[in-house]
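Take a look at the letters that make up each chain.
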Amino acid sequence: MSKWLRSGRRRDICFLLAGSEDGELRSQQLKSRLESHYDEHLEPKSFYGSLSALEDAGFVEKHTEGLYDVYALTEAGERRVRDHYEWVRDCLEGDDSGE
C-alpha cells in the first residue's frame, strides 16, 4: 500500500478531487472544503505540504490558471482512490476475505 493512503488528509484531498465536477479544484477550494469537513482551520504549511507530497508521489498534478494553482488526480491517483473505495466498501459490507 502506498504511503499516502496512511494519511487521512492526503486521502481526503484525493477523494475531493475524485468527486469534483470537472476532476480538478483550486488549492483554496480544496483547503476550504477540508476545513469545512474537519470543522477546524488547517495550517497552510501543513496543507500545502500534503499537496506537495501527493504531487511528488505522482498521485496529483498541478497546473496554473491565472493566479490559481489547480490540482487534479493523475491516473495513478484515480486508481488508488478507486482501490481504497473498494476496500472501504468491502469492510462496510462485512467482507472478511482480507483482500
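Residues numbered from 1 in each chain as written. Predicted model: local features only at pLDDT ≥ 70, side-chain atom pairs only at ≥ 80, totals over all residues. Heavy atoms only, no water.

**Q** Which residues make up the overall build of the chain, and what values do they have?
**A** When its secondary structure is counted, the chain shows four helices and three strands. When each of the 99 residues of the chain is scored for burial, the buried share is 30%. Within the chain, residue pairs in contact and separated by at least 24 positions form 50% of the contacts whose partners lie at least 6 positions apart. Working note: accessible area of the chain is about 6,600 Å², and carbon and sulfur atoms make up 44% of it. (Helix = DSSP H or I, 4+ residues; strand = E, 2+ residues; numbered from the N terminus. Buried < 20%, exposed > 50% of the residue type's maximum accessible area, 1.4 Å probe, protein only. Contact = heavy atoms within 4.5 Å. Areas by Shrake-Rupley, 256 points an atom, 1.4 Å probe, with all protein chains shown as cover.)

**Q** Before we move on, could you go through the sheet that holds strand E2 (residues 60-65) and cite the residues and values that matter?
**A** Strand order in this open sheet of three strands is E1-E3-E2, and the pairing throughout is antiparallel. One side of each edge strand has no neighbouring strand; the edge strands of this open sheet are strand E1 (24-26) and E2. Adjacent strand axes in the sheet meet at a mean angle of 30 degrees, parallel and antiparallel pairs treated alike. Across six bridges, the pairing between E2 and strand E3 (residues 68-73) is antiparallel. Each bridged residue has a counterpart across the sheet, and for Thr64 the counterpart in E3 is Asp69. (Pairing = 2+ DSSP bridges. Axes fitted to C-alpha atoms, helices over the stretch in contact; angles between N-to-C directions.)

**Q** Which residues make up the packing of helix H2 (residues 27-38) against helix H3 (residues 44-56), and what are the values?
**A** At their nearest, the axes of H2 and H3 sit 11 Å apart, and the two run at 115 degrees to each other. When the axis of H2 is compared with that of H3, the two are roughly perpendicular. Note on packing geometry: the crossing formed by H2 with H3 is right-handed. Every residue of H3 that contacts H2 at Ser27, Gln28, Leu30, Lys31 and Leu34 is listed here: Pro44, Phe47, Tyr48 and Leu51. When the residues that make up the contact of H2 with H3 are grouped by side-chain class, the tally is six nonpolar, two polar and one charged. (Parallel < 35°, antiparallel > 145°, perpendicular 65-115°, else oblique. Left-handed = near helix turned anticlockwise from the far one by under 90°. Nonpolar A, V, L, I, M, F, W, Y, C, P; charged D, E, K, R; others polar.)

**Q** Go over the pattern of salt bridges, please, and point to the residues and values.
**A** Under the criterion given, the structure shown has five salt bridges. Across the pair Arg89 and Glu86 runs a salt bridge whose closest N-O atoms are separated by 2.9 Å. Within this pair, Arg89 and its partner Glu86 are both found in helix H4 (residues 75-92), separated by three residues, close to a single helical turn. What makes Glu86 partly exposed here is its relative accessible area of 33%. Between Asp90 and Arg89 there is a salt bridge, with the nearest N and O atoms lying 3.7 Å from each other. (Salt bridge = Lys/Arg side-chain N within 4 Å of Asp/Glu carboxyl O.)

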